[in-house]
Amino acid sequence: MKADKLPKLRQQLSSTLAALKGLLGPAFDSTPILPGAVHVSRHRCGKPQCRCVTEKKLHESVRLQIRFQDGLTNRALTEEQVAFFTPRAEAYRRLRQAGRALRKWEKEVHQILESIEQERRSTEGLSDEDQKRPLR
Ligand SMILES: [Zn+2]
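Note that the coordinates shown come from a computational prediction; the quantities given were computed from them, not determined experimentally. (Residues numbered from 1 in each chain as written. Predicted model: local features only at pLDDT ≥ 70, side-chain atom pairs only at ≥ 80, totals over all residues.)

## Quick notes on the overall build of the protein chain
Then, in step 1: When helices and strands are counted, the protein chain shows four helices and three strands.
Then, in step 2: When the helices and strands of the protein chain are placed in sequence order, the string is α-β-α-β-β-α-α.
Then, in step 3: Its C-alpha atoms give the protein chain a radius of gyration of 27 Å, more than 25% over the compact-globule value 14 Å for 136 residues.
Then, in step 4: With the C-alpha coordinates aligned to their principal axes, the bounding extent of the protein chain is approximately 90 × 35 × 30 Å.
Then, in step 5: Among the 136 residues that make up the protein chain, the fraction classed as buried is 2%.
Then, in step 6: Taking all contacts inside the protein chain whose residues are at least 6 apart in sequence as the whole, residues at least 24 apart take part in 63%. (Helix = DSSP H or I, 4+ residues; strand = E, 2+ residues; numbered from the N terminus. Rg over C-alpha atoms; globule rule 2.2 N^0.38 Å. Buried ≥ 20, exposed ≤ 12 C-beta atoms within 10 Å, placed from the backbone. Contact = placed C-beta atoms within 7 Å.)

## Quick notes on the environment of Arg63
Then, in step 1: Considering the arrangement of structural elements, one finds Arg63 in strand β2 (residues 59-68).
Then, in step 2: For Arg63, a count of 17 C-beta atoms within 10 Å puts it in the partly exposed group.
Then, in step 3: Through-space distance from the C-alpha of Arg63 to that of Val38 is 5.7 Å; in sequence the pair is 25 residues apart.
Then, in step 4: Excluding residues within four positions of it along the chain, Arg63 makes contact with His39, Ser41, Asn74, Arg75, Ala76 and Leu77.

## Focus: the pairing of strand β3 (residues 71-76)
Working note: regular strand, side chains alternate between the two faces of the sheet.
Then, in step 1: Sparse coverage of β3 is indicated by the burial of zero of its six residues.
Then, in step 2: Looking at chain direction, β2 and β3 are connected through six bridges and run antiparallel. Bridging across to β3, Arg63 finds its partner in Ala76. (Pairing = 2+ DSSP bridges.)

## Considerations on the sheet that holds strand β1 (residues 36-43)
Then, in step 1: Ordered by their spatial adjacency, three strands build an open sheet running β1-β2-β3, and the pairing between neighbours is antiparallel. This sheet does not close on itself; its edge strands, each paired only once, are β1 and β3. Ignoring strand direction, the axes of neighbouring strands in this sheet form an average angle of 35°. (Axes fitted to C-alpha atoms, helices over the stretch in contact; angles between N-to-C directions.)

## Focus on unusual backbone geometry
Glycine aside, residues mostly have negative phi angles, and peptide bonds mostly take the trans form.
Then, in step 1: The backbone of Lys56 sits at a positive phi, close to 55°, despite the residue not being glycine.
Then, in step 2: Its place among the elements puts Lys56 in the loop between α2 (51-54) and β2.

## A look at helix α1 (residues 6-23)
Then, in step 1: In a regular helix each residue adds 1.5 Å, so 18 residues correspond to 26 Å; α1 covers 25 Å between its end C-alpha atoms and thus fits that length.
Then, in step 2: With zero of 18 residues buried, α1 is to be regarded as a mostly surface element. (Expected span 1.5 Å × (residues − 1).)

## A short note on the environment of Phe68
Then, in step 1: Here Phe68 shows up in strand β2.
Then, in step 2: Taking the C-alpha atoms as reference points, Phe68 and Glu80, 12 residues apart in sequence, are found 22 Å from one another.

Everything listed here is a matter of coordinates, which is why it stays silent on function.
This is the structure:
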């Protein structure tokens, strides 16, 4: 009997279960979501005497990358739009992150379940012949 590993596995399962609610926190948020990301783009403007050439100080503009079904689109944002879209894009990022964390969590739980099954397997009561056959 190798039941000594079971308490540890059960403890592992309990703490993994307890972590689930925190992991899904973003799903309880109600911020509107826009699939996309706000980012700063740095570029040269093309004027030969501009500081972006002479001082190598690139122009910065805040852009919104929107994820449409048929592809990505970038739009320049005004300051007001930055304030409007950033929380929506952030809420999207958090929810996607929660989805990835959930898939990782599922894998962990599966591994624990498989370990628990291994630990609890018993061929007790089977015939000598059947005891020699590997179980599924
Ligand atoms: Zn310039």
